[in-house]
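# Understanding the architecture of this molecule
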Amino acid sequence: QAAAPLHPVAVDCQEAQVVVTVHRDLFGMGRLVRAADLTLGSAACLPVAQSEVDNTVTFVAGLHECGSTLQMTPDSLIYKTNLSYKPTPSGNLVIVRTNAAVVPIECYYPRKSNVSSDAVRPTWAPFRSTLSVEERLMFSLRLMNDDWSAERLSNGFQLGESLHLQADVASGDHVPLRLFVDDCVATLSPDRNSSPRYTFIDLSGCLVDGRSDDTTSAFISPRPRQETLQFMVDAFKFAGDDRNLIYITCHLKVSPADQAPDPLNKACSFSKASSLWAPLEGTGDICSCCETGNCP
C-alpha cells in the first residue's frame, strides 16, 4: 500500500531491487521530517526522488547495494537493510524536536522457485561477453597414442610414423564452442618465427602438409566432440640438419558451435583419391581457398 501517515513506510521488493517510499510525516504527528535526514542502509544511501504533492521521498537500491545483508534459510533468501532517520538541528543549533528512528526492512525471496516472471535463462553467459571478462580460454595441444585413448608417453618418432596431435579447449560455462587450428609451424627453436620453419597447417585451417606427395596427413573425422580437433601429420625432419628435436607451435581458436564453418573457421584436408579439399564440417566451398591461397 502507498505510504501514508498511518503507514509511513512502504516497501516494494522487486526482482533485483527494493523500492522504499517514506511519508515525511514519519511519526504520524503532522510534523514533516526533512528528506535530507533520511538514509537507507549502512552505506547511508540518499533518496532518488521527492514528491512535494504527497510529501514522500523514494529510495531505490539494488538488493546488494547500500550495505544490505543477505541471510539464507532452507527456504528463503532474506535481504535486510534499515531506513534511518537522524534529525539534524535547524534554526536553533542546540536542540532538535524529534527522535532518531530506525525502521528495519526485509525482502524475502523463495529459494526453490523462479523469482522472475521472465523465461528461465540458461546458466551460461554469452561467449563474447564472458571472453571480455576472462580474456582467455584454456587451450591444450597434446601428442596422443595411436588409438587416441591417452596422451603419448614418448615424444620420439621414427621417420615413416605419424604424429597424432589433439587440440582441446575447456569451454567451462561458455556457450558450446567449436575448436579450430588456424596454423601450425615446425621450427628448430621455440621461436616460431625462426628459420628454417615448415608450416603444415596454414590459411585458417588448411592442412597443407596433406597436399605434398606421399603423405597421409589429415584431420580426423568425426570429431569426438566440438571442443576437440584431432589430426595426423607424417613425421619429418629438416633437410641438411642433424638435430632431432623440432618444436611445433599452433594457433588455436574457437567459434560458437552453432555458427556454421566458413573460410575463416574451418578444418580442411586434401583427399588424394579425389584430388579435392574437403572440410571436416560445412560445405565444400569453404575449402576452395586452400587451393588458391586466398583465404581470409
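Just so you know, the residues in each chain are numbered from 1, in the order the chain's sequence is written. Reporting in this predicted model follows two pLDDT cut-offs: at least 70 for local features of residues, and 80 or more for side-chain atom pairs to be given and counted; totals over whole chains, interfaces and linings ignore these cut-offs and use all residues. The basis for the side-chain values is all heavy atoms of the structure; hydrogens and waters are excluded.

## Things to note about the overall build of the protein chain
The secondary structure listing takes helices from DSSP runs of H or I that are at least 4 residues long and strands from runs of E that are at least 2 residues long, numbered from the N terminus. Looking only at helices and strands, the protein chain has two helices and 17 strands in total. For every residue, the accessible area obtained with a 1.4 Å probe (protein chains only) is divided by the maximum for its type, and the residue is called buried under 20%, exposed over 50%, and partly exposed between those limits. Classification of the 296 residues of the protein chain by burial places 38% in the buried group. Taking as baseline every contact in the protein chain between residues at least 6 positions apart, the subset at least 24 positions apart corresponds to 58%. Each accessible area is a Shrake-Rupley result for a 1.4 Å probe, and residues are judged covered by the shown protein chains and nothing else. As displayed, the protein chain offers around 17,200 Å² of accessible surface, 52% of which is attributable to carbon and sulfur atoms. What makes two residues a contact is simply this: any of their non-hydrogen atoms within 4.5 Å.

## Notes on the sheet that holds strand β5 (residues 56–62)
Pairing between two strands requires that DSSP report at least two bridges joining them. Judged by pairing direction, the sheet is antiparallel, and its four strands sit side by side in the order β1-β2-β5-β4 without closing on themselves. Across the chains shown, the open sheet's two edge strands, defined by having one partner strand only, are β1 (9–13) and β4 (49–51). This sheet shows a mean twist of 15° between the axes of neighbouring strands, independent of strand direction. The pairing of β1 with strand β2 (residues 17–23) spans five bridges and is antiparallel. Within the sheet, the bridge partner assigned to Val11 lies in β2 and is Val20. Angles here are taken between N-to-C directions and fall from 0 to 180 degrees, while the axes themselves are lines fitted to C-alpha atoms, restricted in helices to the stretch in contact.

## Digging into the confidence of the model for the protein chain
Each residue carries a pLDDT score, the predictor's confidence in it, ranging from 0 to 100. Counting all residues, the mean pLDDT for the protein chain is 87, and 87% of those residues have values of 70 or more. At the level of individual helices and strands, the protein chain shows its lowest average pLDDT in helix α1 (residues 127–134), which scores 50, and its highest in strand β13 (residues 218–219), which scores 98. Low confidence marks residues 131–135, where pLDDT is under 50. Its contacts with residues over four positions away, or in another chain, come to four contacts.

## Here we look at the packing of aromatic side chains
Aromatic rings from Phe, Tyr and Trp, with only the six-membered ring used for Trp, were paired whenever their centres fell within 6.5 Å, and each pair was classed as stacked if the ring planes differed by under 30 degrees, edge-to-face if by over 60, and tilted otherwise. On inspection of all chains with the given rule, the structure shows seven aromatic pairs. Judged by centre distance (5.9 Å) and plane angle (65°), the ring pair of Phe27 and Tyr85 falls under edge-to-face. On the criterion of sequence distance, the pair formed by Phe27 in the loop between β2 and β3 (38–40) and Tyr85 in strand β7 (residues 76–85) is long-range, its members being 58 residues apart. Given a relative accessible area of 4%, Tyr85 falls into the buried group. Each ring, one from Tyr198 and one from Phe236, has its centre 5.3 Å from the other, and the planes form 75°; the classification is edge-to-face. Remark: Phe236 occurs in the loop between β14 (228–234) and β15 (247–256) and Tyr198 occurs in strand β12 (residues 197–201); sequence separation between them is 38 residues. The criterion for a charge sitting over a ring is simple: Lys NZ or Arg CZ within 6 Å of the ring centre, and within 35 degrees of the ring normal. Here the basic side chain of Arg152 rests over the ring of Phe157, its NZ or CZ set 4.0 Å away from the ring centre. Just above the ring of Phe180 sits the side chain of Arg223; from NZ or CZ to the centre is 5.3 Å.

## Notes on the environment of Ile78
Along the chain, Ile78 falls in strand β7. Take Ile78: its relative accessible area is 5%, and that puts it in the buried class. With residues up to four places along the chain from it excluded, the contact list for Ile78 reads Thr69, Leu70, Gln71, Thr73, Glu106, Cys107 and Tyr108.

## Considering the sheet that holds β13
Sheet architecture is open: four strands sit in the order β9-β10-β14-β13, paired in antiparallel fashion. Of all the strands in the sheet, the pair left with one neighbour each is β9 (138–143) and β13. Taken together, the two bridges between β13 and β14 define a ladder with antiparallel strand orientation. Each bridged residue has a counterpart across the sheet, and for Phe219 the counterpart in β14 is Phe231.

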